[in-house]
Amino acid sequence: MENPFRPSAGATPPEILGRAGVLDEFEYGLRLGSGAPGLLTIFTGARGIGKTVMIGAAHDIAREKGWAVVSETATAGFMGRIGESMRQLAEELGAGPANRRITAIAAAGFSITTQLPPERQVAWRTLGADLLRILDERGNGLVITVDEIHAADRSELAQLAASVQHFIQDRLPIGLVFAGLPAAVSDLLNEGVATFLRRADKIDLHAAAVREVEESFAGTFAEAAFAVSPDLVRRAAEATGGYPFLIQLVGYFLWKEAEINQGLLTAETVERAIEAANRRNGRTVIEAALAAASPKDLDFLHAMAEDDGPSVAGDIGRRIGARTNLVANYRSRLLAAGLIEPTAHGMVDFAIPGLRQHLRAQSRP
Ligand SMILES: Nc1ncnc2c1ncn2[C@@H]1O[C@H](COP(=O)(O)OP(=O)(O)O)[C@@H](O)[C@H]1O
Ligand SMILES: [Mg+2]
């Protein structure tokens, strides 16, 4: 048996933990068809929490039910790429009057520019409607998934939303599944770029229960006939905090240690695996998240790291010597970047596990 853990972005884990029932409404929507609330779903959550994996799971369910799926990431030009995929789908569905029309409409292509010019937008919508009619006749529909919408160009997103709204008004079977960082997605929805998306089912993803991680680890290691005490399995599960990326990392390094030691996991090797997992989490998720932070953002974060738990805005302001409105400014920047999250009573905490320790270990800039 090979190492089943998958500590890399978007990779399907051996077991999807803590997500029971999360896709029920979406699945029900596929049954009901056009206009069902579950067909508009937005996943939000911190980096490494499992948004991309949920998009993949929604994709698989839709395919199982016979729906067509187009999956995109919201980098520039995604509308054009969706248009191209829709054309290809129509081609695969075979010839027919509607298909001939689609081919004619799409002949000029969609992916040439980063933003569709107005006449191509019209073509996009006509093509979409034609494709959806063909799918509707076959008793299914189309699901479009767009990942990382926090990075989306506002006007492209507005175009997509307006078109989908149009399809829904025409009772066409369309589903839309988005994923992005929580604060950035709220900003997007509040800015009015795509007002109709506010109706979407917003699912904020959180860490899995540590208990569930423990059971999963125990099951996986038993299956592999590794010798490890229940206490050590619990220790390893607790070290993940239920945070999906760490679940994969800790599992992965535990597996490697067991491989080296003829299937035996000792207290020492478990600690080594946890350390390796935390280091990798720091190098990948945390450094990527911090890459876009300005020196002032970092001052703010270091001021937060002085606390052992959630921070009060006033304290942060005092530590960095900034006025209230400036603190509020940085607070919203960091929220949108997915580095911090609000807790009760206007306090803030780190949104990524290990970020506090990572900052403490660094010398102040
Ligand atoms: N529910 C889950 N249970 C266990 N592992 C998960 C789960 N969701 C995601 N993972 C793992 O966590 C890591 C991050 O998942 P990903 O979907 O890329 O997160 P995000 O898109 O939110 O940054 C991947 O290694 C993935 O295999
Ligand atoms: Mg992702």
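Residues numbered from 1 in each chain as written. Chains lettered and ligands numbered in written order. Predicted model: local features only at pLDDT ≥ 70, side-chain atom pairs only at ≥ 80, totals over all residues. Heavy atoms only, no water.

I'm lost on the overall build of the chain in this one. Help?
Each helix and strand in the chain was counted, giving 15 helices and seven strands. Against the compact-globule benchmark of 21 Å for 365 residues, the chain has a radius of gyration of 23 Å, which places it among compact chains. Viewed in the frame of its principal axes, the chain has a C-alpha envelope of about 70 × 60 × 35 Å. When the accessible surface of the chain is summed, it comes to about 17000 Å², and 50% of that surface belongs to carbon and sulfur atoms. For the chain, the distance from the average position of its 37 positive side-chain charges to the average position of its 44 negative side-chain charges is 5 Å. (Helix = DSSP H or I, 4+ residues; strand = E, 2+ residues; numbered from the N terminus. Rg over C-alpha atoms; globule rule 2.2 N^0.38 Å. Areas by Shrake-Rupley, 256 points an atom, 1.4 Å probe, with all protein chains shown as cover. Lys, Arg positive; Asp, Glu negative; His and termini not counted. Charge placed at Lys NZ, Arg CZ, Asp CG, Glu CD.)

How should I be thinking about the layout of surface pockets in this particular structure?
If a probe as big as a water molecule is rolled over the atoms, it shows which places are left empty. When its volume is computed, the largest pocket comes out at roughly 680 Å³. Secondary structure elements with two or more residues in the lining of the largest pocket: α2 (51-64), α10 (244-260) and α11 (267-290). For the lining of the largest pocket, a count of residues per class yields 16 nonpolar, eight polar and seven charged. Residue lining of the second largest pocket: 21 residues in total, with Ala46, Leu205, His206, Glu341 and Ala351 positioned closest to the centre. (1 Å grid on protein atoms, 1.4 Å probe; cavity = no way out; pocket = protein on both sides within 12 Å on 5 of 7 lines; lining within 4 Å. Points joined across faces, edges and corners; volume = space filled by probe spheres on them. Nonpolar A, V, L, I, M, F, W, Y, C, P; charged D, E, K, R; others polar.)

Honestly, the site of ligand 1 in this entry has me stumped. Any pointers?
Surrounding ligand 1, one finds 22 residues, the nearest of these being Arg6, Gly10, Ala11, Gly48 and Lys51. Within the side chain of Lys51, an N or O atom sits 2.8 Å from an oxygen atom of ligand 1. Contact distances for ligand 1 include 2.9 Å between a nitrogen atom and a side-chain N or O atom of Gln248. For ligand 1, the protein covers 95% of the area, taking 560 Å² as the surface of the free molecule. A majority-of-atoms criterion places ligand 1 in the largest pocket. Of all the secondary-structure elements, those providing two or more residues to the shell around ligand 1 are α2 and α10. Among the residues making up the shell around ligand 1, the classes are represented as 11 nonpolar, six polar and five charged. A domain-level breakdown of the shell around ligand 1 finds at least three residues from each of domain 1 (24-204) and domain 2 (210-289). (Near = heavy atom within 4 Å. Polar contact = N/O pair within 3.5 Å; in protein donor to acceptor, adjacent residues only side chain to side chain. Sits in = over half its atoms within 2 Å of the grid points. Domains from an automatic or database assignment.)

Would you mind going over the pairing of strand β3 (residues 142-147) with me for this structure?
Both faces of the sheet carry side chains from a regular strand, because those side chains alternate between them. Buried residues dominate β3, accounting for six of its six residues. Across six bridges, the pairing between strand β2 (residues 68-73) and β3 is parallel. Note that in β3 the partner of Thr73 across the bridge is Asp147. Note: β3 against strand β4 (residues 174-180), five bridges, orientation parallel. Looking at β4, one finds that Thr145 is bridged to Val177. Where the polypeptide runs from β3 across helix α6 (residues 154-169) and back to β4, its parallel neighbour, the crossover connection is right-handed. (Buried < 20%, exposed > 50% of the residue type's maximum accessible area, 1.4 Å probe, protein only. Pairing = 2+ DSSP bridges. Right-handed = clockwise from strand over helix to strand, strands pointing away.)

Could you clarify how one ought to interpret the pattern of salt bridges in this entry?
Following the criterion strictly, the structure yields 17 salt bridges and no others. A salt bridge links Lys65 to Glu27, with the shortest nitrogen-to-oxygen separation between them at 3.3 Å. Of the two residues, Lys65 sits in the loop between α2 and β2 while Glu27 sits in helix α1 (residues 24-32), which places them 38 residues apart along the sequence. The salt bridge partner of Arg318 is Asp315, with a shortest N-O separation of 3.2 Å. (Salt bridge = Lys/Arg side-chain N within 4 Å of Asp/Glu carboxyl O.)

Where do I start with the domain arrangement of the chain in this structure?
The domains assigned to the chain are domain 1 (24-204), domain 2 (210-289) and domain 3 (293-361). Domain 2 puts eight residues into the contact, and the matching count from domain 3 is six residues. Both faces combined, the contact of domain 2 with domain 3 buries some 550 Å², and carbon together with sulfur accounts for 76% of it. Three residues stand out in domain 2 for area buried against domain 3, namely Tyr243, Ile286 and Ala289, and they jointly supply 74% of the buried area on that side. At the surface where domain 2 touches domain 3, the tally comes to zero salt bridges. Where domain 2 packs against domain 3, one counts one residue pair in polar contact (both at pLDDT 80 or more). Of the residues forming the side of domain 2 that touches domain 3, the biggest block, six residues, is contributed by α11. Partitioning the side of domain 2 that touches domain 3 into residue classes produces five nonpolar, two polar and one charged. (Contact = heavy atoms within 4.5 Å. Buried area = accessible area lost by both parts, 1.4 Å probe.)

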